[in-house]
Amino acid sequence: MADFQTLDLSINRESFFSKQVPEILKNIKGDELPIWGVMSVQHMIEHLIFPLKIAQKEIDFGIFTSEEKIAKQQAFLESPLGLPKNFPFPGFAPGYVPPLFYATLEEAKSHLLAEIQQFMIFLADKEKERGNHPVFGKLNEEQWLIFQYKHFMHHFMQFGLV
């Protein structure tokens, strides 16, 4: 299986987050197994929260990509190629899975939905400064939406949810 899936970047990403994501989350029961990787489905849901917080400058990991490689990384971001399987998050050992933050799957899903709403409100405010992505650097509103769409799709595919 190829490491990269091709995604439709013409999709209405606001609709994806307001309609499709809640429907996908509603159908998650908790016994889904990953097709690749080491996270549980609850770990995946909790993991999706962090880049939403990074965009809003609630968390700052810094930028791990060198300045001379940022343009190439952003060109990849804006391409229809999805994120590669088993991509290690910068700053963490391969295979690292953090402890669960939320007591239940339903609590994690609820927090993810709330964070998505907060993220969309944040992006609508053109005056607010966006956080830096650890791999892609300084992103504008559209680039953050593309990243989040690719990131969600990557993990939804990881668990066979889409």
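Here the structure is a predicted model, which is why all the values come from computation and not from measurement.

Participant: Looking at this model, I keep getting lost on the overall build of the chain. Mind explaining?
Facilitator: Assigned secondary structure in the chain consists of 5 helices and 2 strands. Its helices and strands taken in sequence order, the chain reads α-α-α-α-β-β-α from the N to the C terminus. Scaling as 2.2 N^0.38, a compact globule of 162 residues should have a C-alpha radius of gyration of about 15 Å, and the chain matches this with 15 Å. The principal-axis extents of the C-alpha atoms in the chain amount to approximately 40 × 35 × 30 Å. Buried positions account for 44% of the 162 residues belonging to the chain.

Participant: I'm lost on the environment of His151 in this one. Help?
Facilitator: Secondary-structure assignment places His151 in helix H5 (residues 141–158). Note: C-alpha distance between His151 and Gly82 (69 residues apart in sequence) is 8.0 Å. Discounting residues that sit within four places of it in the chain, His151 has contacts with His47, Leu48, Pro51 and Leu83. Polar side-chain contacts of His151 include one of 2.9 Å to the side chain of His47.

Participant: Whenever I open this one, the packing of helix H3 (residues 67–77) against H5 confuses me. Can you help?
Facilitator: Describing two packed helices takes the angle between their axes plus the distance from one axis to the other. Viewed as axis vectors pointing N to C, H3 and H5 meet at an angle of 65°, and their least axial separation amounts to 10 Å. Contacts between H3 and H5 pair Gln74, Phe76 and Leu77 from the former with Gln143, Ile146, Phe147 and Lys150 from the latter. Among the residues making up the contact of H3 with H5, the classes are represented as 4 nonpolar, 2 polar and 1 charged.

Participant: In this structure, what is going on with the packing of aromatic side chains? I would like to understand it.
Facilitator: Aromatic rings considered in pairs are described by the distance between their centres and by the relative angle of their planes. In total, this model carries 7 aromatic pairs according to the counting rule given. Centroid distance Trp144 to Phe147: 6.0 Å. Interplanar angle 85°. Geometry classified as edge-to-face. Of this pair, Trp144 and Phe147 both sit in helix H5, 3 residues apart, which is roughly one turn of that helix. Neither Trp144 nor Phe147 differs from the other in exposure class; each is buried.

Participant: Help me understand the side chain of Lys150 in this model?
Facilitator: With respect to the secondary-structure elements, Lys150 resides in helix H5. Within the buried set, Lys150 has no salt-bridge partner at all; the shortest N-O distance to an opposite charge, 9.2 Å, is to Glu78. Those residues within four positions of Lys150 in sequence are excluded, and the remaining contacts are Leu7, Leu9, Phe76, Leu77, Glu78, Ser79, Pro80, Leu81 and Leu83.

Participant: Help me understand the layout of surface pockets, please; the structure alone is not making it clear to me.
Facilitator: By rolling a water-sized probe across the atoms, one finds the places where empty space is left. Roughly 980 Å³ of volume is contained in the largest pocket. Surrounding the largest pocket, 39 residues form its lining, Met39, His47, Phe87, Pro88 and Phe89 being those nearest its centre. Of all the secondary-structure elements, those providing two or more residues to the lining of the largest pocket are helix H2 (41–55), H3 and H5. Counting residues per element, the lining of the largest pocket draws most heavily on H2, at 6 residues. Residue classes in the lining of the largest pocket are distributed as 27 nonpolar, 11 polar and 1 charged.

Participant: Is there a simple way to think about the nonpolar core in this case?
Facilitator: Soluble, globular proteins show a tendency: their nonpolar side chains are buried together. In this structure, Met44, Leu112 and Phe152 are the most contacted members of the largest nonpolar core, which totals 42 residues. Elements that contribute at least two residues to this core include exactly helix H1 (13–27), H2, H3, helix H4 (105–124) and H5. The greatest single-element share of this core, amounting to 9 residues, is contributed by H5. When sequence neighbours within four positions are dropped, the list of residues in contact with Leu112 reads Leu25, Ile45, Leu48, Ile49, Leu52 and Phe152.

What counts, and at which threshold
- Residues numbered from 1 in each chain as written.
- Predicted model: local features only at pLDDT ≥ 70, side-chain atom pairs only at ≥ 80, totals over all residues.
- Heavy atoms only, no water.
- Helix = DSSP H or I, 4+ residues; strand = E, 2+ residues; numbered from the N terminus.
- Rg over C-alpha atoms; globule rule 2.2 N^0.38 Å.
- Buried < 20%, exposed > 50% of the residue type's maximum accessible area, 1.4 Å probe, protein only.
- Contact = heavy atoms within 4.5 Å.
- Polar contact = N/O pair within 3.5 Å; in protein donor to acceptor, adjacent residues only side chain to side chain.
- Axes fitted to C-alpha atoms, helices over the stretch in contact; angles between N-to-C directions.
- Nonpolar A, V, L, I, M, F, W, Y, C, P; charged D, E, K, R; others polar.
- Phe/Tyr/Trp six-rings, centres within 6.5 Å; stacked < 30°, edge-to-face > 60°.
- Lys, Arg positive; Asp, Glu negative; His and termini not counted.
- Salt bridge = Lys/Arg side-chain N within 4 Å of Asp/Glu carboxyl O.
- 1 Å grid on protein atoms, 1.4 Å probe; cavity = no way out; pocket = protein on both sides within 12 Å on 5 of 7 lines; lining within 4 Å.
- Points joined across faces, edges and corners; volume = space filled by probe spheres on them.
- Core = buried A, V, L, I, M, F, W, Y, C linked by side-chain atoms within 4.5 Å.

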